[in-house]
Every structure is written in structure tokens, then in C-alpha cells.
Amino acid sequence: MTTPSGDRPEDDYWRRPPDPADGGTTDDPPRPPGPGSAGVDPPTGYGGPPPTTPPPPGWRPPLHVQAAPPRELPPQDMAGLDAVEQRAQHVTWGVGAVAGVVLLVLLCLLCSRAFR
């Protein structure tokens, strides 16, 4: 069985604070003062980020060393790359064909044993 809200003091923490627009009255019972509630009102809203100050002029370290220009890449043999890629594709197709044949043979063997 559950108890109605308001019967348990540990639920007071989760209650909505009184709304000043309706005169501060709520249906909730008054909360007992807890730790840290020494009569200090919480801030009413977000005041934004704290103000910042600009950095002083010359705050970046001086640059003494210039990076070397990038090196030139060696030329690529496009015809050779295409030939190697085609051979690799043929090997992939061959391995796939062999795997397909092996699976087909295994399937036929299993089916022949099931129908005996």
C-alpha cells in the first residue's frame, strides 16, 4: 500500500517550491527548516556567465621557427595499382566460389541423410 504524498517527510525535498506569482501559497504542507536554510533566499534566475576580461596585448608566444614545407610524394603507378587490385578481386571471387561450393556440398549431404 502506498501512502499519500505529504505523509512522508523524505519527499519534501522533491516538492515544488512556493510560487511567488500566486502569493506563495501551495497545497503542500510547510517544510521544516533543513541544513543550509538559514533564511537565505535562493537566487531567482540565471544571471549569465561571469564577466571576462580581454587578454593583454602580446599574450601569444613569439614564433621563431618556421615549419618546413611539405615534401613531395613519390609518383604512383596507376596501371600497376589497377592490375594488383584486379588480381586481388579475382582471388576474393575464387575464395567465395570455393566456399559456396563447399557449403552446397554440405547442404546436399545433410539433405540426403535426412531423407534416408
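Just above, that's the structure.
Position numbers for residues count from 1 along each chain, tracking the sequence in the order it is written. Reporting of local features is limited, given that this is a predicted model, to residues whose pLDDT is at least 70; pairs of side-chain atoms are given and counted only at 80 or more, and all residues count toward the totals for whole chains, interfaces and linings. Note: side-chain values were computed over all heavy atoms of the structure, leaving out hydrogens and water.

Draft legend 1. Geometry of the overall build of the chain. In DSSP terms, a helix is any run of H or I states spanning at least four residues, a strand is any run of E spanning at least two, and both are numbered starting from the N terminus. Each helix and strand counted, the chain has one helix and zero strands in total. By residue count, 2% of the 116 residues in the chain fall in the buried class. Here, Shrake-Rupley sampling with a 1.4 Å probe gives the accessible areas, and only protein chains in the shown set may cover a residue. Of the roughly 11800 Å² that the chain leaves accessible, carbon and sulfur atoms contribute 64%. Here the term buried applies to any residue with accessible area under 20% of the maximum for its type, exposed to any over 50%, and partly exposed to those in between, with areas from a 1.4 Å probe on protein chains only.

Draft legend 2. How the structure looks around a nonpolar patch on the surface. For patch building, the residue pool is restricted to those with more than 30% relative accessible area and no salt bridge; the joining distance is 9 Å between like charges and 5 Å between nonpolar side chains (Val, Leu, Ile, Met, Phe, Trp, Tyr). Within this document, salt bridges are pairs made up of a side-chain nitrogen of Lys or Arg and a carboxyl oxygen of Asp or Glu, the two lying within 4 Å of each other. Taken together, the side chains of V98, V101, V102, L103, V105, L106 and L109 present a nonpolar region at the surface, about 650 Å² in accessible area. Mapped onto the fold, L109 is located in helix 1 (residues 78–114).

Draft legend 3. The state of the cysteines, seen in detail. Here, two cysteine sulfur atoms that lie within 2.5 Å of each other are counted as a disulfide. Here the structure, examined in full by the defined rule, presents zero disulfides. With no disulfide of its own, C108 has C111 as its nearest cysteine by sulfur position, at a separation of 6.7 Å. Residue class for C108 comes out partly exposed when judged on its relative accessible area of 45%. Note on C111: relative accessible area 35%, which makes it partly exposed.

These figures capture arrangement, not role.
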